[in-house]
Amino acid sequence: MSRMKLILEAAHQRAEQLGLSYSGAVLPDEAYELMQGLPKAVLLDVRSHAEWQFVGTVPGAVNIEWRSYPGMEPNPNFLAQLTHQVDPEAVLLVICRSGARSDQVARLAADNGYSEVYNVLEGFEGDRDGDGHRNSVGGWRWRGLPWVQG
């Protein structure tokens, strides 16, 4: 069985375990492998402009704010921007800071015609450590995956 199929099977199993309404959940390393191995894979970063600028971005990701800083107000044009920028036939990998906003977006995308939607667990910055800091417990950056400073 190919590595891509193994990753997708694990993602589907996580969806069942977590009761997700979309295709599945992947770890950052798995998302990166899918981006490299599946021509239709798209990484959608739904963090705010401030996060992209001050924390960093993933090269090649599609960036669409789900909520805008500083008030974290919802983006009223999100769905229109998504359908304009990402083909519903894409393998959609959704990432945010920690995996919470991306879960919301994954549910929305699945409810609006995207058939293969995966939440990137741990997100870009991972969970908080014992001191309340991010980037030391999981996440895209902590795992050493490609990123650039905004």
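Residues numbered from 1 in each chain as written. Predicted model: local features only at pLDDT ≥ 70, side-chain atom pairs only at ≥ 80, totals over all residues. Heavy atoms only, no water.

- As annotated in an unreviewed UniProt entry, the chain is Rhodanese-like domain-containing protein from Chromobacterium vaccinii.

**Some thoughts on helix α5 (residues 100-111)**
- Here α5 contains 12 residues, and its C-alpha end-to-end distance of 17 Å stays within 8% of the 16 Å for a straight helix at 1.5 Å per residue.
- Taken together, the buried positions of α5 are R101, S102, D103, V105, A106 and A109.
- Summarising the contacts, the buried residues of α5 are in contact with β2 (41-45), α3 (49-54), α4 (78-85), β6 (91-95) and β7 (116-120). (Helix = DSSP H or I, 4+ residues; strand = E, 2+ residues; numbered from the N terminus. Expected span 1.5 Å × (residues − 1). Buried < 20%, exposed > 50% of the residue type's maximum accessible area, 1.4 Å probe, protein only. Contact = heavy atoms within 4.5 Å.)

**Concerning the UniProt feature "domain: Rhodanese" (unreviewed entry) in the chain**
- Taking the UniProt record as the reference, the feature "domain: Rhodanese" (unreviewed entry) is found at residues 37-136.
- Secondary structure across residues 37-136 divides into 27% helix and 21% strand, with the first and last C-alpha atoms of the span separated by 27 Å. (UniProt positions renumbered as here; feature names shortened; annotations may be inferred.)

**Here's the deal with the environment of R141**
- Among the secondary structure elements, R141 is positioned in the segment after β7.
- In this structure R141 comes out as partly exposed when scored by relative accessible area, which is 23%.
- Linking R141 and F124, residues 17 residues apart in sequence, is a C-alpha distance of 6.0 Å.
- Ignoring sequence-local partners within four residues, the contact set of R141 consists of V55, F124, N135 and W147.

**Comments concerning unusual backbone geometry**
- The omega torsion across Y69 and P70 is 15 degrees, close enough to zero to call that bond cis.
- Inspection of the secondary structure assignment puts P70 in the loop between β4 (67-68) and β5 (73-74).
- In this structure, N135 takes a positive phi of about 75 degrees despite not being glycine.
- Tracing the backbone through its elements, the reader meets N135 in the segment after β7.

**As for the pattern of salt bridges**
- As enumerated under the stated definition, the model contains seven salt bridges in all.
- For R101, the salt bridge is made with E51, and the minimal N-O distance between the two is 2.8 Å. Of the two residues, R101 is situated in helix α5 and E51 in helix α3; the sequence distance between them amounts to 50 residues.
- Assessed through its relative accessible area of 12%, R101 is described here as buried.
- A salt bridge links D103 to R107; the nearest nitrogen and oxygen atoms lie 2.9 Å apart. One end of the pair, D103, and the other, R107, are both in helix α5, four residues apart, so they sit about a helical turn from each other.
- Linked through salt bridges whose partners overlap, the residues forming this network are D29, E122 and R143. (Salt bridge = Lys/Arg side-chain N within 4 Å of Asp/Glu carboxyl O.)

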